Structures are given as C-alpha cells and as structure tokens.
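Coordinate analysis (summary)
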Amino acid sequence: MAVTPMALRLPTIVIVGRPNVGKSTLFNRIAGRRIAVVDDAPGITRDRLYAEAAHKGLEFRVVDTGGILFSDEDPLVEQIRVQADAAMAEADVIIFLADAKEGLHTADWELADHLRGIGIPIIVAINKADSEHRDSDVHEFAALGLGEVHAVSAIHDRGVDHILDLALEGSKTRKRKDKEPEEELRLAIVGRPNVGKSSILNAFSGGERAIVSDIPGTTRDAIDTAVNYKGKNVRLIDTAGIRRRGKYQGSVEYYMVLRAHKALQRAECALLM
C-alpha cells in the first residue's frame with residue numbers, strides 16, 4: 001500500500017518536557033479545548049498528539065508529547081522518547097516546559113542537553129508559576145543555557161499568550177511547505193484494548209506513528225495521522241481501547257473512552273478491530 005505523509009501546511013509548535021510538568025494542560029490551553037487526557041499521575045500522555053489552533057489571527061499546529069526521560073530503560077519510556085523525537089523533527093518551534101514548584105530537576109538537564117544545538121527556536125516556559133510571587137522561582141532554569149526563561153501557568157492561563165507570541169515569531173524563521181487545505185476522509189480505528197489498533201495505524205502510515213506495546217491501554221488519547229493514499233487525503237484516528245461501561249477502571253480510563261467516543265463522532269467511517 002503506497003501511503004505517504006501529507007505535507008505540513010501550518011507552523012508547528014511542539015511541547016516537550018519531563019513527565020508531569022503540565023504539557024497536556026498547556027496543550028489543551030493552547031488548543032482552546034480539552035483534547036489531551038490530564039491527570040496528576042505521570043506518564044498519561046505516551047504518543048504525540050496534534051491539534052490545530054489560532055492565536056491573534058495566526059493559525060498553527062500544536063503537538064503534545066509524552067514525558068521524556070533518559071535514565072529509564074523501560075521499553076515504553078524508550079518509545080515515548082522516539083515519539084517525542086519524531087515530533088521535534090517536524091517542529092518549527094519547541095516549547096521546553098518545566099515545573100516551577102518542583103524546581104530544576106536532573107531530567108530537565110538531560111533534556112536540555114538533548115536539545116542543545118538542535119537548530120530550532122526553543123522557548124523555555126516554566127509552568128505552575130500560578131502568581132507573581134512564584135516568578136522568582138523560574139530564574140534558576142536560566143542555568144540550562146537554552147535562553148531566556150518565561151513564567152507561565154497553563155491551568156490559570158497566565159503567560160500563555162506571551163509564549164505563543166514568541167513561538168509564532170520564532171516560527172517565521174523556519175521554511176515549510178504551504179498548501180491549501182484539502183478535503184479528507186476521516187477514518188477512526190476502534191476496538192477493545194490491545195487488539196492491534198496502533199499497529200495497523202503504523203502499517204497504514206508507513207512509520208512508527210503510534211506506540212505499540214503488549215500492555216493494554218498504551219494509547220490514551222485519540223491520535224490523528226494525516227496520510228495520502230492514491231491521491232486522496234485520509235485522516236486516520238487511532239483511539240483508546242473501548243471496554244464495556246462496567247469494566248472502566250478509574251477516571252483515566254473513563255476519559256480515554258470518552259475521547260474515543262468523541263473521535264467516532266467526528267469520523268466519517270470506522271474500522272472495527
């Protein structure tokens with residue numbers, strides 16, 4: 001099957017950081033709607049998650065990624081790093097997110113070293129600076145050597161407009177392929193947990209687009225992948241596994257299933273596995 005990725009049409013802003021610094025909260029804030037599952041437990045986001053958004057009349061694409069760790073050799077953690085690297089390869093601008101409350105962390109240093117010299121504008125945003133008295137907590141992050149640091153609070157919408165201004169200004173320095181939006185077929189891939197939905201998505205898209213694991217529930221959000229098949233644009237939507245209502249285990253799975261149902265609502269057809 002000859003399937004090729006669609007050309008990028010919009011500036012792409014990718015959010016990266018270690019686990020549980022608020023990347024998905026910032027992603028939802030920028031997108032203007034709750035797309036990513038948010039929970040206090042680290043590791044909720046695993047695949048990369050895309051949304052289109054606008055700021056001051058400028059349209060762009062924002063990408064959420066899983067928490068990046070370099071000192072953990074767990075295969076799932078390794079796949080999260082691979083997915084994050086794939087997202088950054090598409091980026092015009094990277095937002096490096098850290099946590100003002102927890103302070104500078106070893107994982108922040110490791111990620112900063114990974115990003116150093118990447119050749120893409122990096123905006124260093126320190127999240128959870130919920131009020132002005134926390135602004136002084138962000139200064140230590142200047143030691144990362146990635147440039148000026150900016151205090152933000154994704155949950156309270158503090159400083160988010162400012163970093164978007166910087167990100168969109170930075171995106172102007174990157175060359176990309178511009179293309180008018182075209183009609184597309186929206187195909188949702190649905191089924192119980194661990195039946196191979198992400199594997200078939202990767203087969204369709206011709207790459208490791210989604211994390212694949214024997215662990216049920218690896219996919220937590222509805223993940224869009226745009227491909228072109230025989231000249232036709234197709235948006236593949238990988239969804240979290242759906243079990244019977246009485247089988248849900250906790251709030252995280254409840255929101256995973258809710259995302260899958262919403263994905264079905266915006267799809268034109270579904271592939272049941």
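Residues numbered from 1 in each chain as written. Predicted model: local features only at pLDDT ≥ 70, side-chain atom pairs only at ≥ 80, totals over all residues. Heavy atoms only, no water.

Quick notes on the overall build of the protein chain
Scanning the protein chain from N- to C-terminus turns up 6 helices and 11 strands. Counting every position in the protein chain, which comprises 273 residues, the buried fraction comes to 49%. Intrachain contacts of the protein chain at a sequence separation of at least 6 include 69% that bridge at least 24 residues. Taken as a whole, the protein chain presents about 13100 Å² of accessible surface, with 50% of it coming from carbon and sulfur. (Helix = DSSP H or I, 4+ residues; strand = E, 2+ residues; numbered from the N terminus. Buried < 20%, exposed > 50% of the residue type's maximum accessible area, 1.4 Å probe, protein only. Contact = heavy atoms within 4.5 Å. Areas by Shrake-Rupley, 256 points an atom, 1.4 Å probe, with all protein chains shown as cover.)

A closer look at the nonpolar core
The biggest cluster of nonpolar side chains holds 26 residues, and the ones touching the most others in it are V16, I94, F96, L115 and I126. The contacts of V16, once residues within four sequence positions are left out, are K23, T65, I68, M88, I94, I95, F96, L97, L111 and L115. Core analysis: the next-biggest nonpolar cluster, separate from the first, contains 24 residues, F27, I30, A31 and V93 among them. (Core = buried A, V, L, I, M, F, W, Y, C linked by side-chain atoms within 4.5 Å.)

Some details on unusual backbone geometry
Peptide bonds are trans in most cases, and residues, glycine excluded, mostly fall at negative phi. Although it is not a glycine, K56 adopts a positive phi angle of roughly 50°. Summarising the element assignment, K56 is placed in the loop between β3 (49-55) and β4 (58-64). Residues other than glycine seldom take positive phi values, yet K128 does so here, at roughly 70°. Inspection of the secondary structure puts K128 in the loop between β6 (122-127) and β7 (149-151). Residue class for K128 comes out partly exposed when judged on its relative accessible area of 21%.

Points about helix α1 (residues 23-31)
Across the 9 residues of α1, 7 count as buried, placing the element largely inside the fold. Listing the buried residues of α1 in full gives K23, S24, L26, F27, N28, I30 and A31. Of the surrounding secondary structure, the elements contacted by the buried residues of α1 are β2 (12-16), β3, β4, β5 (93-99) and α4 (160-171). Immediately beyond the C-terminal end of α1, within one or two residues, lies G32, with a positive phi of roughly 80°.

Quick word on the sheet that holds β7
One open sheet holds the 6 strands; their spatial order is β3-β4-β2-β5-β6-β7, and the pairing between them is mixed. Whereas interior strands pair on both sides, the edge strands pair on one side only; in this sheet they are β3 and β7. The sheet shows a mean angle of 30° between the axes of neighbouring strands, direction not considered. Of the strand pairs in this sheet, β2 and β5 are connected by 4 bridges, and their pairing is parallel. Counted as the bridge partner of I15 is I95 from β5. Each of β2, β3, β4 and β5 is contacted by α1, which is oriented at about 160° to β4, the strand it contacts most. Sitting on the sheet, helix α3 (residues 106-115) touches β2, β5 and β6, and the angle it makes with β5 is about 165°. (Pairing = 2+ DSSP bridges. Axes fitted to C-alpha atoms, helices over the stretch in contact; angles between N-to-C directions.)

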